[in-house]
Amino acid sequence: MSLRVGIGYDVHRLVPDRPLILGGVEIPYEKGLLGHSDGDALTHAVIDAVIGALGKGDIGSFFPDTDPTYEGKSGAELCAELLERLKGDRFTLLNLDATVIAQAPKLSGFIPRMREALASFFGITVSRVNIKAKTHEGIGSLGRKEGIAAMAVVLLEKEDSHEEETD
Ligand code: CDP
Ligand code: ZN
């Protein structure tokens, strides 16, 4: 048995006329996150953490946006592909912890649904998913509500294998 840790970070700009989606959950707000997909900074940070733990680069190299297959894919869809890779390589996601930095809106009431959604994306129990929300204390661009950022840490466990690791 071996353990692998990974870290992820993402930030997206808040703009009008977009839904606000964080951790796969739509949150009522006057603006949403800009991105070629759903702009789900939390899910993207989690994906980057998992890819980091796998030692496979980042979301941009793992899901190249030059490949039209991935253009516009939601965080949930990207997680589904990543989960197949985890299973194929016999990794289990032991736990994930994340922090969302959002001056607004207030997220605490949505965190239980975000935990459930992220747990379902990776086929794990909700108790293995923790999500925290912070303001940016009004400081800088995040404090001016120009965007929302997220960071995540994951721990993966790999089943014992005497075979060579695959790429
Ligand atoms: O008190 P501290 O400076 O550590 O944190 P804060 O950024 O002032 O946030 C206080 C609490 O508000 C957090 O612990 C979250 O529970 C909640 N919060 C939230 O629900 N939604 C946000 N966008 C930011 C913070
Ligand atoms: Zn992103």
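Residues numbered from 1 in each chain as written. Chains lettered and ligands numbered in written order. Predicted model: local features only at pLDDT ≥ 70, side-chain atom pairs only at ≥ 80, totals over all residues. Heavy atoms only, no water.

**Q** Teacher, can you tell me more about the overall build of the protein chain here?
**A** When its secondary structure is counted, the protein chain shows 5 helices and 7 strands. Each helix (α) and strand (β) of the protein chain, taken in turn from the N terminus, gives the series β-β-β-β-α-α-α-β-α-β-α-β. Taken over the C-alpha trace, the protein chain has a radius of gyration of 16 Å; the compact-globule value for 167 residues is 15 Å, and the two agree within 12%. Taking all 167 residues of the protein chain together, the buried fraction comes to 44%. Counting contacts in the protein chain only where the partners sit at least 6 residues apart, residues at least 24 apart contribute 70% of the total. Accessible surface for the protein chain amounts to roughly 8600 Å². Of this, 51% is attributable to carbon and sulfur atoms. Averaged over its 18 positive side-chain charges, the protein chain has a centre that lies 7 Å from the centre of its 26 negative ones. (Helix = DSSP H or I, 4+ residues; strand = E, 2+ residues; numbered from the N terminus. Rg over C-alpha atoms; globule rule 2.2 N^0.38 Å. Buried < 20%, exposed > 50% of the residue type's maximum accessible area, 1.4 Å probe, protein only. Contact = heavy atoms within 4.5 Å. Areas by Shrake-Rupley, 256 points an atom, 1.4 Å probe, with all protein chains shown as cover. Lys, Arg positive; Asp, Glu negative; His and termini not counted. Charge placed at Lys NZ, Arg CZ, Asp CG, Glu CD.)

**Q** Got a minute to help me understand the site of ligand 1 in this structure?
**A** Neighbouring residues of ligand 1: Ala102, Pro105, Lys106, Leu107, Ser108, Ala133, Lys134, Thr135 and Glu137. Alone, ligand 1 offers 530 Å² of accessible surface; in the complex the protein occludes 62% of this. The residue makeup of the shell around ligand 1, split by class, is 4 nonpolar, 2 polar and 3 charged. (Near = heavy atom within 4 Å. Nonpolar A, V, L, I, M, F, W, Y, C, P; charged D, E, K, R; others polar.)

**Q** Looking at this structure, I do not really get the environment of Glu30. What am I missing?
**A** For Glu30, the location among the structural elements is in the loop between strand S3 (25-27) and strand S4 (31-33). Residues Glu30 and Leu142 lie 112 residues apart in sequence; the distance between their C-alpha atoms is 16 Å.

**Q** What is the right way to look at the coordination of the zinc ion (ligand 2) in this model?
**A** By definition of the ideal shapes, four donors in a tetrahedron about a metal sit 109.5 degrees apart, and six donors in an octahedron sit 90 or 180 degrees apart. With distances of 1.9 Å, the protein atoms coordinating the zinc ion (ligand 2) are Asp10 (OD), His12 (NE2) and His44 (ND1). We note that the donor set of the zinc ion (ligand 2) lies within a single chain, spaced as D-x1-H-x31-H. Of the two residues, His12 sits in strand S1 (residues 2-16) while His44 sits in helix H1 (residues 41-54), which places them 32 residues apart along the sequence. Judged by its relative accessible area of 14%, His12 is buried. We classify His44 as buried; its relative accessible area is 8%. (Donors = N, O, S within 2.8 Å, 3.2 Å for Na, K, Ca; no water.)

**Q** Just to check I follow, could you spell out unusual backbone geometry for this structure?
**A** Apart from glycine, the bulk of residues carry a negative phi angle, and the bulk of peptide bonds sit in the trans form. The omega angle of the peptide bond from Ala104 to Pro105 is -5°, so this bond is cis rather than trans. Mapped onto the elements of the fold, Pro105 is located in the loop between strand S5 (91-101) and helix H4 (111-121). A positive phi is found at Asp17, a non-glycine position, where the angle reads about 60°. For Asp17, the position within the fold is in the loop between S1 and strand S2 (20-22). Residue class for Asp17 comes out exposed when judged on its relative accessible area of 81%. The residue Lys145 is not glycine, and still its phi comes out positive at about 65°. Inspection of the secondary structure puts Lys145 in the loop between helix H5 (140-143) and strand S7 (147-158). You can call Lys145 partly exposed: its relative accessible area is 39%.

**Q** Sorry, what's going on with the nonpolar core here?
**A** When a protein is soluble and globular, its nonpolar side chains tend to lie buried together. Ranked by internal contacts, the top residues of the largest apolar core, which has 46 residues, are Leu22, Leu42, Leu82, Val100, Met114 and Phe122. Only S2, S3, H1, helix H3 (75-88), S5, H4, strand S6 (129-134) and S7 provide two or more residues apiece to this core. With residues near it in sequence (within four places) discarded, Leu42 still touches Leu22, Gly23, Ala98, Val100, Met114, Leu118, Ile131 and Ala150. (Core = buried A, V, L, I, M, F, W, Y, C linked by side-chain atoms within 4.5 Å.)

**Q** What is the right way to read the packing of aromatic side chains from this model?
**A** Aromatic rings in a pair are described by how distant their centres are and how their planes are angled relative to each other. Evaluated as defined, the whole model comprises 1 aromatic pair. Their ring planes at 80° and their centres at 5.0 Å tell us that Phe62 and Phe63 sit as a pair that is edge-to-face. The residues Phe62 and Phe63 share a single accessibility class, namely buried. (Phe/Tyr/Trp six-rings, centres within 6.5 Å; stacked < 30°, edge-to-face > 60°.)

**Q** I tried to follow the pattern of salt bridges on my own but got confused; where do I start?
**A** One side chain can pair with another of opposite charge once the charged atoms of both are near each other. One pass over the structure, following the stated rule, counts 5 salt bridges. Ionic pairing is found between Asp89 and Arg85, a salt bridge with its closest N-O pair at 2.9 Å. Judged by relative accessible area, Asp89 falls into the buried class, the value being 12%. You can call Arg85 partly exposed: its relative accessible area is 24%. (Salt bridge = Lys/Arg side-chain N within 4 Å of Asp/Glu carboxyl O.)

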